2 protein chains.
Amino acid sequence: MVGRSKAGESASTAELRFGEFLQLTTEAREFLANLFGPPQSLARQHVLRHDGDPPTHLYLLVEGWVSASLAVTSGKQQTVKIHLPGDVLGAPSLPVARAAEALTALTPVVVRSVSRADFMTAVARCPRFAVSVFLSAQKERLALMSTLALVGQTEGGSRIAGMLIDLYDRLTVLGRTEGGHMPLPLTQHQIGELVGLSPVHVNRKIREFEQAGLILRETRTVQLLDIDKLREMAGLTAHEYLRDPEWISLP
Amino acid sequence: MVGRSKAGESASTAELRFGEFLQLTTEAREFLANLFGPPQSLARQHVLRHDGDPPTHLYLLVEGWVSASLAVTSGKQQTVKIHLPGDVLGAPSLPVARAAEALTALTPVVVRSVSRADFMTAVARCPRFAVSVFLSAQKERLALMSTLALVGQTEGGSRIAGMLIDLYDRLTVLGRTEGGHMPLPLTQHQIGELVGLSPVHVNRKIREFEQAGLILRETRTVQLLDIDKLREMAGLTAHEYLRDPEWISLP
DNA sequence: CGGAGTTTTGAGGCTATTCAAAGGTCGTGG
DNA sequence: CCACGACCTTTGAATAGCCTCAAAACTCCG
């Protein structure tokens, strides 16, 4: 693992996602390594794709955070997903002529791109890949459904707790948390766009959390002091994802 | 078209969905006809699946309306999707051990079921089917993203307008609207669970809509009197879905 | 050190919620 | 066919949660 090359690391990012539900064969590893283009570095604030752009490419996020957001008339924006390393960006707009979501780098990022033609060809040619990306898409649906439930049915405190727990759990899988400690490179304004609250109200709630001893803020970082309490506030049932389920028989 | 058999009608329901993005081959038609089991009738209020149940099957909705909803602690519920004829029910829970969404018949319904094993085998064996269901899944993600944007960023009136327009457009594709007229077999409580408002507030807003001359209510039916105005209130950009895009090359 | 962006705080107002109760509608059983 | 009960809709009043506006304090980068 030590001294692995840049290309090697990128490949492992791809395997992280596409091997999530299915064991990867050596052949599939080979296949994945060549599907995505070379790593590209982009600065914070860079817009990978505006909404309305023709969705010609998908991106594999290798490093950094990216937001996917929708504009509503009245100038407001809803962030529908915070993408973390390993995520595939831009897939929801595959079946439409103009991209629905804007993709914006929240931190400096590294991505590898693939044309939608190449991506869909891979889906059609490689059953293992098809099953994998199909199940990933369903997982994303579940994530959106959970967020919708949170935003639609709970008050501010629960929403923010839910957002923190979601990011914490996902970062933990990536090995990027440590004793309740996690990176959080989001402004309070951005948190508001994520959970459907005004920046001012986000501030008051976060402040309450801190005074209640639930969290501790540092620069671009938070420490979750009472994860169980936060999880309970969010009030969502955690999902147990299946790996290599017996009911999938590949040809 | 006249005097078509029950089985024939069911098959056409399947083709409606799976031929949405791709032309169906005769072979694929054959394939689809045998994938789903026989039509089953279920009464209104019947729960096809509780949340927490093992998600052993998917369902093709042939006739009627079905809601997919998530429970949050505090006893509230968020309806994440109103399913109409042609929809596939239950797919989001494919990758998890216990179903996240409950599926409830809002009207008397007819469904055809398929085991998840058979469904996933079809994905793995038939590239055309894989591409089709993959794109359908992305379309569902877009729908959820739009709903989330509506619920997260707009006030009550816009949310209800958005819900009406969404259902109107989907029913129109199915040929079930006529001059602004559409079926609406939802209680105001259910509308509230859909858009994140209390039943009382839903009532007041709907009442306002009626007094403003935007809609006209009849039993289990609404007439949209000013569709353009409602669409503007919703404030979401409509998506242009692609059929048989040139960038999909099948083996 | 300057300036842009971010966080914090206060005040007032609006939207939506809860609770409670009355009035309707519909299906069902007598 | 009518009467009853369950559910749904409607209305009012009080309250809670959140928003907007505005300005001050702070942070970070150049």
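Once a new chain begins, its residue numbering starts again from 1 and follows that chain's sequence as written. Following the order in which they are written, the chains are lettered starting with A and the ligands numbered starting with 1. At least 70 in pLDDT is required for a residue's local features to be given in this predicted model, at least 80 for side-chain atom pairs to be given and counted, and no such filter applies to totals for whole chains, interfaces and linings, which use all residues. Side-chain metrics rest on all non-hydrogen atoms present in the structure, leaving aside hydrogens and water.

1. Points about helix 2 (residues 26-35) of chain A
All names here are of chain A. Buried residues of helix 2: Ala28, Leu32 and Leu35, and no others. When helix 2 is viewed along its axis, its buried side chains cluster within an angular range of 60 degrees and face the same direction. Across from the buried face of helix 2, at angles greater than 90 degrees, the exposed residues are Thr26, Glu27, Glu30 and Asn34. A simple rule labels every residue: compare its accessible area, found with a 1.4 Å probe on the protein chains alone, to the largest value its type can have, and call it buried under 20%, exposed over 50%, or partly exposed in between. Helix and strand labels come from DSSP, where a helix needs a run of H or I of at least four residues and a strand needs a run of E of at least two; each type is numbered from the N terminus. For this quantity, the arc is that covered by the directions from the helix axis to the C-beta atoms.

2. Quick notes on the relation of the copies chain A and chain B
Each copy superposes on the other: chain A lies on chain B with an RMSD of 0.0 Å after a rotation of 180 degrees and an axial shift of 0.0 Å. Interpreted geometrically, this transformation is the action of a two-fold axis. In this assembly the copies share their binding face: 98% of the residues contributing to the interface of chain A also contribute to that of chain B. Copy-to-copy superposition: least squares on the C-alpha atoms, limited to residues that have pLDDT of at least 70 in both copies. Any pair of residues with heavy atoms lying within 4.5 Å of one another is described as a contacting pair.

3. Some thoughts on the interface of chain A and chain B
Listed by partner, the interface residues are 61 residues for chain A and 60 residues for chain B. Between chain A and chain B, a total of about 5800 Å² is buried, with carbon and sulfur atoms accounting for 71% of that surface. By definition here, a salt bridge exists when the distance from a side-chain nitrogen of Lys or Arg to a carboxyl oxygen of Asp or Glu is within 4 Å. The interface formed by chain A and chain B contains 2 salt bridges. Arg98 of chain A is the salt-bridge partner of Glu240 of chain B, the closest N and O atoms lying 3.4 Å from each other. In protein, a polar contact means a hydrogen-donor-capable atom and an acceptor-capable atom, both N or O and within 3.5 Å, with residues adjacent in sequence counting only if both atoms are side-chain atoms; elsewhere, any N or O pair within 3.5 Å suffices. Linking chain A with chain B are 14 residue pairs in polar contact (both at pLDDT 80 or more), by the criterion used here. Contributions of two or more residues to the side of chain A that touches chain B are made by strand 5 (77-83), helix 3 (116-125), helix 4 (127-153) and helix 6 (188-195) of chain A. Counting residues per element, the side of chain A that touches chain B draws most heavily on helix 4 of chain A, at 21 residues. Note on residue classes: Ala, Val, Leu, Ile, Met, Phe, Trp, Tyr, Cys and Pro are nonpolar, Asp, Glu, Lys and Arg are charged, and everything else, Gly too, is polar. Residues of the side of chain A that touches chain B, tallied by class, amount to 36 nonpolar, 14 polar and 11 charged. Summed over both partners, buried area is the accessible surface (1.4 Å probe) that two parts give up on being assembled.

4. So, the packing of helix 5 (residues 156-173) of chain B against helix 7 (residues 199-211) of chain B
When two helices pack together, their arrangement is given by the angle between their axes and by how far apart the axes lie. Residue and element names in this part refer to chain B. To obtain an axis, a line is fitted to C-alpha atoms, over the contacting stretch when the element is a helix, and the angle between two such axes runs from 0 to 180 degrees between their N-to-C directions. At a minimum axis distance of 10 Å, the contact between helix 5 and helix 7 shows a crossing angle of 75 degrees. What the angle tells us is that helix 5 and helix 7 run roughly perpendicular. Contacts between helix 5 and helix 7 pair Gly157, Ile160, Ala161 and Leu164 from the former with Val202, Lys205, Ile206 and Phe209 from the latter. Class assignment for the residues of the contact of helix 5 with helix 7 results in 6 nonpolar, 1 polar and 1 charged. Should an angle lie under 35 degrees it is considered roughly parallel, over 145 roughly antiparallel, and from 65 to 115 roughly perpendicular; all remaining angles are considered oblique.

5. Here's the deal with the protein's contact with DNA strand C
Around DNA strand C there are 18 residues in total, and Asn203 and Arg207 of chain A together with Gly156, Ser198 and His201 of chain B lie nearest to it. For each residue, the test is whether any non-hydrogen atom lies within 4 Å of the molecule or strand; if one does, the residue is near. The sugar-phosphate share of atoms of DNA strand C within 4 Å of the protein amounts to 74%. For the surface near DNA strand C, the elements supplying multiple residues, two or more each, are helix 7 (199-211) of chain A together with helix 7 of chain B. Classifying every residue of the surface near DNA strand C gives 3 nonpolar, 8 polar and 7 charged.

6. Regarding the nonpolar core
What makes a nonpolar core is a set of buried Ala, Val, Leu, Ile, Met, Phe, Trp, Tyr and Cys residues whose side-chain atoms join them at distances within 4.5 Å. Counting 63 residues, the largest nonpolar core has Phe119, Met120 and Phe129 of chain A together with Phe119, Met120 and Phe129 of chain B as the members making the most contacts within it. For Phe129 of chain A, the contacting residues outside a window of four places in its chain are Phe18, Phe31, Leu32, Leu35, Phe119, Ala122 and Val123 of chain A. Residues Leu148 of chain A together with Leu42, Leu70 and Val96 of chain B belong to the second largest nonpolar core, which totals 44 residues.

7. Overview of the pattern of salt bridges
On inspection of all chains with the given rule, the structure shows 28 salt bridges over all chains. Arg17 of chain A is the partner of Glu20 of chain A in a salt bridge, and the nearest nitrogen-oxygen pair spans 3.3 Å. In this pair, the class of Glu20 of chain A matches that of Arg17 of chain A, namely buried. Among the salt bridges present, the one from Arg170 of chain B reaches Asp87 of chain B, with a minimum N-O distance of 3.1 Å. Within this pair, whereas Arg170 of chain B is found in helix 5, its partner Asp87 of chain B is found in the loop between strand 5 (77-83) and strand 6 (88-89), the two being separated by 83 residues in sequence.

8. Side note on the domain arrangement of chain A
Residue and element names in this part refer to chain A. These domain limits were set by an automatic method or by a database of domain assignments. As far as domains go, chain A holds domain 1 (6-133) and domain 2 (155-234). Each of domain 1 and domain 2 has a C-alpha centre, and these two points are 25 Å apart. Each side of the interface is counted separately: domain 1 has 14 residues, and domain 2 has 13 residues. Here domain 1 and domain 2 share an interface that buries about 1200 Å² over both sides, 60% of which is from carbon and sulfur atoms. Contact with domain 2 buries surface across domain 1, with Trp65, Ile82 and Leu84 losing the most and accounting together for 41% of the total. If one sorts the elements of the side of domain 1 that touches domain 2 by residue count, strand 5 sits on top with 6 residues. A per-class count over the side of domain 1 that touches domain 2 returns 6 nonpolar, 5 polar and 3 charged.

9. Considerations on the confidence of the model for chain A
Averaged over all residues, the pLDDT of chain A equals 93, while 96% of them reach at least 70. In the predicted structure, residues 1-8 of chain A sits below a pLDDT of 50 and forms 2 contacts with residues beyond four places in sequence or in another chain. For every residue, the predictor states its confidence as a pLDDT score lying anywhere from 0 to 100.

10. Focus on the packing of helix 4 of chain A against helix 4 (residues 127-153) of chain B
At a minimum axis separation of 9 Å, helix 4 of chain A and helix 4 of chain B run at an interaxial angle of 15 degrees. Considered as vectors, helix 4 of chain A and helix 4 of chain B are oriented roughly parallel to each other. Crossing of helix 4 of chain A against helix 4 of chain B: the hand is left-handed. A breakdown of the residues in the contact of helix 4 of chain A with helix 4 of chain B according to their chemical character gives 16 nonpolar, 6 polar and 4 charged. Left-handed describes a crossing whose near helix is turned anticlockwise from the far helix through less than a right angle; right-handed describes the clockwise counterpart.

11. Focus: the sheet that holds strand 2 (residues 47-49) of chain B
Residue and element names in this part refer to chain B. The strand order 2-7-4-5 describes an open sheet built from 4 strands, whose pairing is antiparallel. Of all strands in the sheet, those with a lone pairing partner are strand 2 and strand 5, marking the two edges. The sheet shows a mean angle of 30 degrees between the axes of neighbouring strands, direction not considered. Between any two strands, at least two bridges found by DSSP are needed for them to pair. Across 4 bridges, the pairing between strand 4 (residues 66-71) and strand 7 (residues 102-105) is antiparallel. Looking at strand 7, one finds that Ser69 is bridged to Ala102.

12. Overview of the packing of aromatic side chains
Working definition: a ring pair exists when centres of Phe, Tyr or Trp rings (six-membered ring for Trp) sit within 6.5 Å. Plane angles under 30 degrees give stacked, over 60 give edge-to-face, the rest tilted. Taken as a whole and judged by the stated rule, the model has 12 aromatic pairs over all chains. Centre to centre, the rings of Phe119 of chain A and Phe134 of chain B are 6.1 Å apart; their planes meet at 35 degrees, and the pair counts as tilted. Taken together, the positions of Phe119 of chain A in helix 3 and Phe134 of chain B in helix 4 put the pair across two chains. Here the two residues Phe119 of chain A and Phe134 of chain B agree in accessibility, since each one is buried. Among the aromatic residues, ring-to-ring pairing joins Phe18, Phe31, Phe36, Phe119 and Phe129 of chain A together with Phe134 of chain B into one connected group. Two conditions define a charge located above a ring, namely a distance within 6 Å from the ring centre to NZ of Lys or CZ of Arg, and an angle within 35 degrees of the ring normal. The ring of Tyr241 of chain A carries the charged tip of Lys139 of chain A above its face, separated from the ring centre by 4.5 Å.

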